[in-house]
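Working through the structure, step by step
Here's the letter readout for the chains.
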Number of protein chains: 2
Amino acid sequence: MILTVTLNAALDVTYEVDGLVPNSSHRVTAVHQRAGGKGVNVARVLASLGADVRVTGLAGGRTGAEIAGDLSRAGIPARFGTIEGDSRRTVTVVSGDATVFNEPGPSVTEPEWRRFRALFVELCRDARVVVLSGSVPPGVGQDAYAQLIADARRHDVRVLLDADHEPLRLGLAARPDVAKPNAAELARVAGPGPVEEAARQLLAAGPAAVVVSRGADGLLGVTPGGSWTVRPPRRLSGNPTGAGDAVAAALARALLSPGPVDWPRALADAAAMSAAAVLSPVAGDIDLTAYREFLQEITCRSPRPPR
Amino acid sequence: MILTVTLNAALDVTYEVDGLVPNSSHRVTAVHQRAGGKGVNVARVLASLGADVRVTGLAGGRTGAEIAGDLSRAGIPARFGTIEGDSRRTVTVVSGDATVFNEPGPSVTEPEWRRFRALFVELCRDARVVVLSGSVPPGVGQDAYAQLIADARRHDVRVLLDADHEPLRLGLAARPDVAKPNAAELARVAGPGPVEEAARQLLAAGPAAVVVSRGADGLLGVTPGGSWTVRPPRRLSGNPTGAGDAVAAALARALLSPGPVDWPRALADAAAMSAAAVLSPVAGDIDLTAYREFLQEITCRSPRPPR
């Protein structure tokens, strides 16, 4: 089972309007809402591929209940650590383009975090892979992912870390199996410079592998044994939100098989899934037909040896 | 007791952002939310003046529970007819200016409307004045206010109607004690032309009095016995949202006293309250100090006889 963790789960609300005019009043013609947050999106992709996946994280209040209700309707098993605060919403106003408003997350208390860690350890007993994705809510230490990685490793569970800023930096030292920053996140932690050099710097900080998602430039995988570059099958236009979560989903599947990861295959799969996510208008969905087509088209070059 | 009716109750959510840039992502720095809808705003104003007020209308789902919870915390007694659908939200993005997104209201079923009418009749037993404000939700007939006015009149309850379009037009014939359109609503029902002529046309359709709120031009009151004009104490800058609800609140108080309405006094009071509402940043609040000052300053001219 793959366990995805969303410490700052959200209810993603979409408002359709005829056009966005600042400083005026808008009639919303349609409202859509569903559970969101990066870990939830990863779980959605995995569930659509038939993987055995479970969602956890922190959620609370009426919005937390709506998040749980939506996952239940989608048939995705979820068990959140409960918090007193009301989970955040995001509101995306769509009128062709998308304008996004992200509420701040609720603050998490120290007892709530302690209870969540106990739940996480319990869930780790049934998990083979854990995916840690997204921001860390206020009140939780910046070393939250480092703590969870240590917990998971004690239970022989493999870990993929998709974080930013300090939670990423501190998480690296706890030695996840894969760290998956995008180019901006990589630069924030490793500093400016050529991508492959920065990725090697990250690798030196602890993880067994680093995969950098670079949008239209594809993926760069770096391991102690070599590095690989995979490019998208073609120039795609669509919604890049959620493409990184599709990469995380593909890599989590690759981590499921015991033994060493088949990196060329895993990276080709991740690139195909990412491209299929761009074609889908909603984060967490992928275009399965396109995914299968892309899998045929994408090949991963032979590794470059480590310098 | 004054009973205010909000058939399309809302949860008014305010997002503070540093600046609104269409087609980009925004960090919401603060979230405020409270019960809204025109009748709720009228009740807030009345409650802040110490009036005996009660809120009813239609509300449902999680948002309906949040609306009821907020009113309870504000100490405003509320008893809504329950509906299956989730009550609407409005989201106002504030960055100096205000950009508003109004969700469509939930659809109301025929049995839900029947149950609400029974509740309304029950609440009328304790009420001396009913305020009917705002839009009518989908599923409810355009003659909703006409039905409620007939119910109220059977219980000798005075009625103020603040509506628009067909619900206003059909409501007039049910003979409310006061119809309070703004200038745009008046023009939509009476057609274009001089305001006083249009107001007299409305009066001929059934209500005992018509009060037109005209923004910076003040109020026009028209009765069979004469008409009055009241102007704001001075040019005010502020938030005009909720100024009309403050007018409705003042007129509802005037209707509380048995016997004929003292129109010059009622209109001066309404103009002062409206101006005090403009000075307050949030609809439903009035600046009480400014209200008392304005009351000293505003005088209502002697009536012009009916033509």
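Residues numbered from 1 in each chain as written. Chains lettered and ligands numbered in written order. Predicted model: local features only at pLDDT ≥ 70, side-chain atom pairs only at ≥ 80, totals over all residues. Heavy atoms only, no water.

Under the annotation held in an unreviewed UniProt entry, chain A carries the name 1-phosphofructokinase family hexose kinase and is attributed to Microtetraspora glauca. Heading Sequence similarities (unreviewed entry) of the UniProt record for chain A holds this comment: "Belongs to the carbohydrate kinase PfkB family." (UniProt positions renumbered as here; feature names shortened; annotations may be inferred.)

Digging into helix H4 (residues 144–154) of chain B
Residue and element names in this part refer to chain B. In terms of residue burial, H4 counts as a mostly covered element, since eight of its 11 residues are buried. Turning to H4, its buried residues are Ala144, Tyr145, Ala146, Gln147, Leu148, Ile149, Asp151 and Ala152. In this structure, the buried residues of H4 make contact with strand S1 (2–6), helix H3 (110–124), strand S9 (129–133), strand S10 (158–162) and helix H5 (165–172). Immediately beyond the C-terminal end of H4, within one or two residues, lies Asp156, with a positive phi of roughly 55°. (Buried < 20%, exposed > 50% of the residue type's maximum accessible area, 1.4 Å probe, protein only. Helix = DSSP H or I, 4+ residues; strand = E, 2+ residues; numbered from the N terminus. Contact = heavy atoms within 4.5 Å.)

What to know about the sheet that holds strand S8 (residues 97–102) of chain A
Read across the open sheet, the five strands follow the order S4(A)-S2(A)-S7(A)-S8(A)-S3(B); overall the sheet is mixed. Looking at strand neighbours, the two that pair on one side only are strand S4 (30–36) of chain A together with strand S3 (25–27) of chain B, the edges of this open sheet. Going from strand to strand, the sheet's axes swing by 20° on average, the running direction of each strand aside. The pairing of strand S7 (residues 88–95) of chain A with S8 of chain A spans six bridges and is classified as antiparallel. What sits directly across from Val91 of chain A, in S8 of chain A, is Phe101 of chain A. Helix-sheet contacts for helix H2 (residues 61–73) of chain A involve strand S2 (10–16), S4 and S7 of chain A, and the interaxial angle to S4 of chain A is about 85°. (Pairing = 2+ DSSP bridges. Axes fitted to C-alpha atoms, helices over the stretch in contact; angles between N-to-C directions.)

Here's the deal with the relation of the copies chain B and chain A
Expressed as a screw transformation, the operator carrying chain B onto chain A has a rotation angle of 180° and an axial translation of 0.0 Å, and the superposed copies differ by an RMSD of 0.0 Å. In symmetry terms, the pair is related by a two-fold rotation axis. For chain B, the minimum C-alpha distance to the rotation axis belongs to Arg62 of chain B and amounts to 3.5 Å. When the interface residues of chain B are mapped onto chain A, 100% of them are again interface residues, pointing to one common binding face. (Least-squares fit on C-alpha atoms with pLDDT ≥ 70 in both.)

Let's talk about the interface of chain B and chain A
At the junction of the two partners, chain B supplies 26 residues and chain A supplies 26 residues. Here chain B and chain A share an interface that buries about 2400 Å² over both sides, 55% of which is from carbon and sulfur atoms. On inspection of chain B and its partner chain A, the count reaches zero salt bridges. Seen at the junction of chain B and chain A, the total is 15 residue pairs in polar contact (both at pLDDT 80 or more). Residue assignment for the side of chain B that touches chain A shows that the elements contributing at least two residues are S3, helix H2 (61–73), strand S7 (88–95) and strand S8 (97–102) of chain B. With six residues, S8 of chain B is the largest single contributor of residues to the side of chain B that touches chain A. (Buried area = accessible area lost by both parts, 1.4 Å probe. Salt bridge = Lys/Arg side-chain N within 4 Å of Asp/Glu carboxyl O. Polar contact = N/O pair within 3.5 Å; in protein donor to acceptor, adjacent residues only side chain to side chain.)

Some points on the packing of H2 of chain A against H2 of chain B
Their axes nearest at 11 Å, the elements H2 of chain A and H2 of chain B cross at an angle of 170°. For the element pair H2 of chain A / H2 of chain B, the angle class is roughly antiparallel. In this structure, H2 of chain A contributes Arg62, Ala65 and Glu66 of chain A to the contact, and H2 of chain B contributes Arg62, Ala65 and Glu66 of chain B. Class assignment of the residues belonging to the contact of H2 of chain A with H2 of chain B gives a composition of two nonpolar, no polar and four charged. (Parallel < 35°, antiparallel > 145°, perpendicular 65-115°, else oblique. Nonpolar A, V, L, I, M, F, W, Y, C, P; charged D, E, K, R; others polar.)

Overview of the packing of aromatic side chains
Taken as a whole and judged by the stated rule, the model has seven aromatic pairs over all chains. Pairing Phe101 of chain A with Tyr15 of chain B gives two aromatic rings, centres 6.4 Å apart and planes at 45°, and the pair type is tilted. A residue pair is termed interchain when its members come from two chains, as with Phe101 of chain A in strand S8 and Tyr15 of chain B in strand S2 (residues 10–16). On the basis of relative accessibility, which here comes to 1%, the residue Phe101 of chain A falls in the buried class. Taking the relative accessible area as the measure of exposure, Tyr15 of chain B reaches 1% and is therefore buried. (Phe/Tyr/Trp six-rings, centres within 6.5 Å; stacked < 30°, edge-to-face > 60°.)

Considering the sheet that holds strand S3 (residues 25–27) of chain A
Here we have five strands laid out as an open sheet, ordered S3(A)-S8(B)-S7(B)-S2(B)-S4(B), and mixed in their pairing. At either end of the open sheet lies a strand with only one pairing partner, and these are S3 of chain A together with strand S4 (30–36) of chain B. Across the sheet, the mean angle from the axis of one strand to that of its neighbour is 20°, orientation sign disregarded. Here three bridges tie S3 of chain A to S8 of chain B, and the two strands are oriented parallel to one another. Residue pairing in the sheet places His26 of chain A in a bridge with Phe101 of chain B of S8 of chain B. Helix-sheet contacts for H2 of chain B involve S2, S4 and S7 of chain B, and the interaxial angle to S4 of chain B is about 85°.

Topic: the side chain of Asp162 of chain A
All names here are of chain A. Locating Asp162 in the fold gives a position in strand S10 (residues 158–162). Since its relative accessible area comes to 2%, Asp162 is described here as buried. Apart from residues lying up to four places away in sequence, Asp162 is in contact with Lys38, Leu132, Ser133, Gly134, Lys180, Glu185, Gly244 and Asp245.

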